[in-house]
Amino acid sequence: MKSTGVIRRIDELGRIVIPKEIRRHLGIRDGESLEIFTEENQIILKKYSKVLEYADFSSKLCEIVPSVMDFGMVITDRDKVVSYSDNIKFDLQNANLNSTLLDFIQNRESYESSGYGKIVLGDFEIEGYFYIQPIISSIDCLGLTVLVKDKSFLKEEKQFAKFVGAMIANKIDIS
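Every chain's residues receive numbers from 1 upward, in the order its sequence appears when written. Reporting in this predicted model follows two pLDDT cut-offs: at least 70 for local features of residues, and 80 or more for side-chain atom pairs to be given and counted; totals over whole chains, interfaces and linings ignore these cut-offs and use all residues. Hydrogens and waters are ignored; side-chain quantities use all the structure's heavy atoms.

J.: Explanation requested: the overall build of the chain in the structure shown.
T.: Secondary structure follows DSSP: runs of H or I at least 4 residues long count as helices, runs of E at least 2 residues long count as strands, and numbering of each begins at the N terminus. Broken down by element type, the chain carries 5 helices and 8 strands. When the helices and strands of the chain are read in sequence order from the N terminus, they spell out α-β-β-α-α-β-β-α-β-β-β-β-α. Taken over the C-alpha atoms alone, the chain extends approximately 55 × 35 × 30 Å along its principal axes. Burial here depends on accessible area, computed with a 1.4 Å probe over protein chains only, as a share of the maximum for the residue type. Under 20% is buried, over 50% is exposed, and the range in between is partly exposed. Here the chain, with 175 residues, has 36% of them falling under the buried criterion.

J.: Looking at this structure, how should I read unusual backbone geometry?
T.: A negative phi holds for most residues other than glycine; trans holds for most peptide bonds. In this structure, K89 takes a positive phi of about 75° despite not being glycine. Tracing the chain through its elements places K89 in the loop between β4 (81–84) and α4 (99–107). With a phi close to 55°, R108 is a non-glycine residue in the positive phi region. Turning to its location among the elements, R108 is positioned in the loop between α4 and β5 (111–112). On the accessibility criterion, R108 (40% relative accessible area) is partly exposed.

J.: I'm lost on a nonpolar patch on the surface in this one. Help?
T.: Taken together, the side chains of I36, I43 and L45 make up a nonpolar region of the molecular surface, amounting to roughly 340 Å² of accessible area. Inspection of the secondary structure puts I43 in strand β2 (residues 42–47). With relative accessibility at 66%, the residue I43 sits in the exposed group. Two distance rules govern patches: like charges are joined within 9 Å, and nonpolar side chains (Val, Leu, Ile, Met, Phe, Trp, Tyr) within 5 Å, applied only to residues with over 30% relative accessible area and no salt bridge. With residues, only the protein chains shown are counted as cover, and all accessible areas are computed by Shrake-Rupley using a 1.4 Å probe. Counted as salt bridges are all cases of a side-chain nitrogen of Lys or Arg within 4 Å of a carboxyl oxygen of Asp or Glu.

J.: What exactly am I supposed to notice about the packing of aromatic side chains here?
T.: Where two aromatic rings form a pair, the distance of their centres and the angle of their planes describe that pair. Working definition: a ring pair exists when centres of Phe, Tyr or Trp rings (six-membered ring for Trp) sit within 6.5 Å. Plane angles under 30 degrees give stacked, over 60 give edge-to-face, the rest tilted. Applying the stated rule across the entire model yields 7 aromatic pairs. For the ring pair Y116 and Y129, a centre distance of 6.0 Å and an interplane angle of 80° mean the geometry is edge-to-face. You can see Y116 sitting in the loop between β5 and β6 (117–121) and its partner Y129 sitting in strand β7 (residues 124–136), a full 13 residues away along the chain. Judged by relative accessible area, which is 19%, Y129 ranks as buried. One aromatic cluster is present, formed by F71, Y131, F153, F160 and F163 through successive ring pairs. Note on geometry: a ring has a charge over it if NZ (lysine) or CZ (arginine) is within 6 Å of the ring centre and within 35 degrees of the ring normal. One residue, K149, lies across the ring of F153, its end atom 5.4 Å from the ring centre.

J.: I'm lost on the pairing of β4 in this one. Help?
T.: For a regular strand, side chains alternate in direction, first toward one face of the sheet and then toward the other. Note: strand β3 (residues 72–76) against β4, 3 bridges, orientation antiparallel. Note that in β4 the partner of I75 across the bridge is S83. The criterion for strand pairing is that DSSP finds at least two bridges linking the strands in question. Where β3 folds back on β4, the antiparallel hairpin that results is connected by 4 residues.

Any functional reading would require information beyond the geometric quantities listed.
Given below as structure tokens:
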């Protein structure tokens, strides 16, 4: 385990501050959840993703979508790709989100590309038309549903992206 050389005291309520440099380096934003567990004599903090808990569910959705719809689909949490359709043609598993996609999460914004373009996921550039829908639960924006296709999106296809985002958020909210 890498040592940072930073020492912090625990306050009277048992709290400890994670230094800003470490939070920035690991992409930990205000309000995010951390999983806390112990291993021998160590306390380990790990970024927690509710969407990742439902990776099997989102993988099934991404598997089914191309067989009934004319587009590919990518589902992300707040940091990386969780699931994606086979017709995307890249291995996007755990690909990091770029700052543009992180802004859509932060601002809870839907986005439709105005023409053929590119988005970057990890080391890959994906080309096409895009529709991006935040996955918003009752407590937070948990990730994105990204639709990709070779031509403009129909109104019904955009509604489908909203439906998928709502379905994942509702599954998380009721668990």
